[in-house]
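Results of the structural survey
Now for the letters of each chain:
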Amino acid sequence: MSLADVGADLRAFGAASRKEWRILRRYPGSLLSFIFWPIALPLAFVFQAQAFGGGREDTAAAFAARTGTNEVAGFLFIGWATYMWLSIILWGPGTALRTEQIRGSLEAIFLTPASRLVVLFGPAVSQLAWAAWIFVVVGVALWIGFGVTIGPLEALRAVGVVLVAAPALYAIGALFAAIVLRFGEVSSLVQGVRGLFTAVCGMSFPIVVLPDWAQTVALSLPPTYLIADLRSVMLAGAELGHVIGDLSILAGMGVVLTLLAIFAFRRTELHARRGGKLAQY
Amino acid sequence: MSVAIEAIGLTKDFEKGRRTTWQRLRREPDRRETFRAVDGVDLHVETGEVFGILGPNGAGKTTTMRMLATLLEPTAGTATVLGHDLVTGARDIRRRLGAVLSGERSLYWKLTARENLEYFAALYHVPPGETRARIVEILEVMHLTDRADDYVEKFSTGMRQRLVLARALLPAPSLLLLDEPTVGLDPQAARDLRERVLQLRDEGRTVLLTTHYMEEADQLCDRIAIVDHGRIVALDTPEGLKRSLHARNGHGTLPVSLEDVFIS
């Protein structure tokens, strides 16, 4: 592939993101759910934590000892905001592919010389705007509702963590997309993986409370590091240097998972081209 | 004259029925039957020619088109399209190929015609400096300029089909594959589209099309291959096909239509 091809594919990538963003904008009702859920979901857990903690100092101290922060609301809001972003990423590439398949446009795209990665990740990247929106809503809710302020420096560090984690997470999304191309449907699998992430990755609790075997599972999953590091930089004032070990693991997972995703997608595309499955749904 | 498409023994098999995941996990023997959709097709299409593939439903027309469009991998046989091997040079073929295979459903209905074309221009690697002018020109040619900024969902079937053809013209293709391009169009829209195909030939482009309409094939095609059960059963100019039937059946002075040839 020539340098000109790479440049052309990058432009195609931008066009795919723009196209998806334009379509999203034409359904403004969906914006409401992106305001309601980032507040309502963690809020329920905040009230639950308050009820279980009973407002006692020793329970608050136990929470701080296990999590490294006193901010129960911040801990939960960041955990659930990350969960919602993860959901978008996990669904993103697979959903993009499935939508094109159902719409009937997948073959038209595959008739062009553009890289297959364009159709996989272009639309998903446009959904980063929704992710940014979720974090903004969460930041405002924490500030107004609980007096927790996240400064620009903390936000910038969080962006750094997100960027390091993104390849691993998008690669998982791409693996789902490969399954979509192979089997046509992937919702139950995505639900299962999302359930696993919720159960062990520490969305609403520190993973130290899990049994040893579950902690081992958690430490093999990228979201665990992402959530922990976001909390560290946003709530505990950690600099990126403090979480460099975690970030290195995330980056390594990103390389391995990306290679795996590219291999899996190429295999399934070949299978689809042999069986004529591109237009089938 | 150079060759746009050269296919030798092009064959495509599909599995009939399905094999469940459970059967795969248990490693049960694969009992699916094989169905041969295209059976050793040889094609030689010259540059600048309008070549038609005629045949009943299930004859293998669309499968042949999809293979030549690089969407399907042949089970056997070889083909070069625009000088590139069908399997190893698929991406090079796609750079210079326009295709109308999937109809109006393949457009984005919540985008305008212009936005649809902008998106696909990027996918076709049209240089950014040329994109705007090329879209304006194509919209003009396809008589869509006055509706360029309307959502596609507001278009009639004929307008959507014209937009699909407009999209296929974005890469300034040397070769156009048109799979039943006038199906579902009203007579006027179908006539417009046929005129456009003839213009494309006059511009020196090669067109390979499938159709059910004899009159359309007669009017548009320089040569026609009639396919049945995945094989080419007759190949000649429309006049040549009619002449051979005329001679074979001894019709005397009675005129023979392409429909007679097809049914024969």
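The structure reproduced in this document is the subject of the present report. (Residues numbered from 1 in each chain as written. Chains lettered and ligands numbered in written order. Predicted model: local features only at pLDDT ≥ 70, side-chain atom pairs only at ≥ 80, totals over all residues.)

On to the sheet that holds strand β5 (residues 84-85) of chain B, then. Strand pairing in a sheet relies on backbone hydrogen bonds, with the paired strands running either antiparallel or parallel. Residue and element names in this part refer to chain B. What the 4 strands build is an open sheet, ordered β2-β1-β4-β5; its pairing is antiparallel. Unpaired on one side and paired on the other, β2 (33-46) and β5 mark the two borders of the sheet. Where strand β1 (residues 3-16) and strand β4 (residues 76-81) come together, 5 bridges link them in antiparallel fashion. Across the sheet, Ala7 pairs through a bridge with Ala79, a residue of β4. Each of β1, β2 and β4 touches helix α2 (residues 61-68); the most contacted strand, β1, lies at about 120° to it. (Pairing = 2+ DSSP bridges. Helix = DSSP H or I, 4+ residues; strand = E, 2+ residues; numbered from the N terminus. Contact = placed C-beta atoms within 7 Å. Axes fitted to C-alpha atoms, helices over the stretch in contact; angles between N-to-C directions.)

Our focus in this paragraph is the environment of Arg191 of chain B. All names here are of chain B. Inspection of the secondary structure assignment puts Arg191 in helix α7 (residues 187-202). With 14 C-beta atoms counted inside 10 Å, the residue Arg191 sits in the partly exposed group. For the pair Arg191 and Leu235, spaced 44 residues apart in sequence, the C-alpha to C-alpha distance is 25 Å. (Buried ≥ 20, exposed ≤ 12 C-beta atoms within 10 Å, placed from the backbone.)

The subject of this paragraph is the interface of chain B and chain A. Counting residues at the interface gives 26 residues for chain B and 25 residues for chain A. Those elements that place two or more of their residues in the side of chain B that touches chain A are α3 (90-95) and α4 (113-123) of chain B. Here the side of chain B that touches chain A is built from residues that sort into 14 nonpolar, 3 polar and 9 charged. (Nonpolar A, V, L, I, M, F, W, Y, C, P; charged D, E, K, R; others polar.)

The subject of this paragraph is the nonpolar core. Ranked by size, the top nonpolar core spans 153 residues in total, and within it Leu123 and Leu177 of chain B carry the most contacts. With 17 residues, the top contributor of residues to this core is helix α4 (residues 72-103) of chain A. Excluding residues within four positions of it along the chain, Leu177 of chain B makes contact with Met65, Leu68, Ala69, Leu97, Ala99, Leu101 and Leu208 of chain B. (Core = buried A, V, L, I, M, F, W, Y, C linked by C-beta atoms within 7 Å.)

In this section: the packing of helix α6 (residues 157-169) of chain B against α7 of chain B. All names here are of chain B. Packing of α6 against α7 leaves a shortest axis separation of 10 Å and a crossing angle of 15°. Between α6 and α7, the interaxial angle falls into the category roughly parallel. The crossing of α6 and α7 is right-handed. Contact residues: α6 offers Gly158, Gln161, Arg162 and Leu165, while α7 offers Ala189, Leu193 and Arg196. In the contact of α6 with α7, the residues fall into 3 nonpolar, 2 polar and 2 charged. (Parallel < 35°, antiparallel > 145°, perpendicular 65-115°, else oblique. Left-handed = near helix turned anticlockwise from the far one by under 90°.)

Okay, the sheet that holds strand β3 (residues 50-54) of chain B next. All names here are of chain B. Read across the sheet, 6 strands follow the order β6-β7-β8-β3-β9-β10 without closing on themselves; strand pairing throughout is mixed. One side of each edge strand has no neighbouring strand; the edge strands of this open sheet are β6 (97-100) and β10 (231-236). With strand direction ignored, the average angle separating the axes of adjacent strands in the sheet is 15°. Strand direction decides the pairing type here: β3 and strand β9 (residues 223-228), joined by 4 bridges, are parallel. Across the sheet, the residue bridging to Phe51 is Arg223, located in β9. Along the sheet, α7 contacts β3, β7 (175-179) and β8 (206-211); its crossing angle with β8, the most-contacted strand, is approximately 150°.

Our focus in this paragraph is unusual backbone geometry. All names here are of chain B. One non-glycine residue, His143, lies in positive phi territory at about 55°. Structurally, His143 can be placed in the loop between α5 (128-141) and α6. Of note, the phi angle at Ala172 is positive, near 50°, even though the residue is not glycine. With respect to the element layout, Ala172 can be found in the loop between α6 and β7. On the neighbour-count criterion, Ala172 (14 C-beta atoms within 10 Å) is partly exposed.

Now for helix α7 (residues 128-146) of chain A. All names here are of chain A. Here α7 contains 19 residues, and its C-alpha end-to-end distance of 26 Å stays within 8% of the 27 Å for a straight helix at 1.5 Å per residue. The complete set of buried residues in α7 reads Ala131, Ile134, Phe135, Val138, Gly139, Ala141 and Leu142. Down the axis of α7, the smallest arc covering the buried residues is 165°, so these residues share one side. Across from the buried face of α7, at angles greater than 90 degrees, the exposed residues are Trp143 and Ile144. In this fold, the buried residues of α7 make contact with α2 (29-53) and α4. (Expected span 1.5 Å × (residues − 1). Arc of directions from axis to C-beta.)

Attention now goes to the environment of Ser244 of chain B. Residues and elements named next belong to chain B. Position of Ser244 relative to the elements: it lies in helix α9 (residues 238-249). Residue class for Ser244 comes out partly exposed when judged on the 15 C-beta atoms lying within 10 Å of it. For the pair Ser244 and Arg223, spaced 21 residues apart in the sequence, the C-alpha separation amounts to 14 Å.

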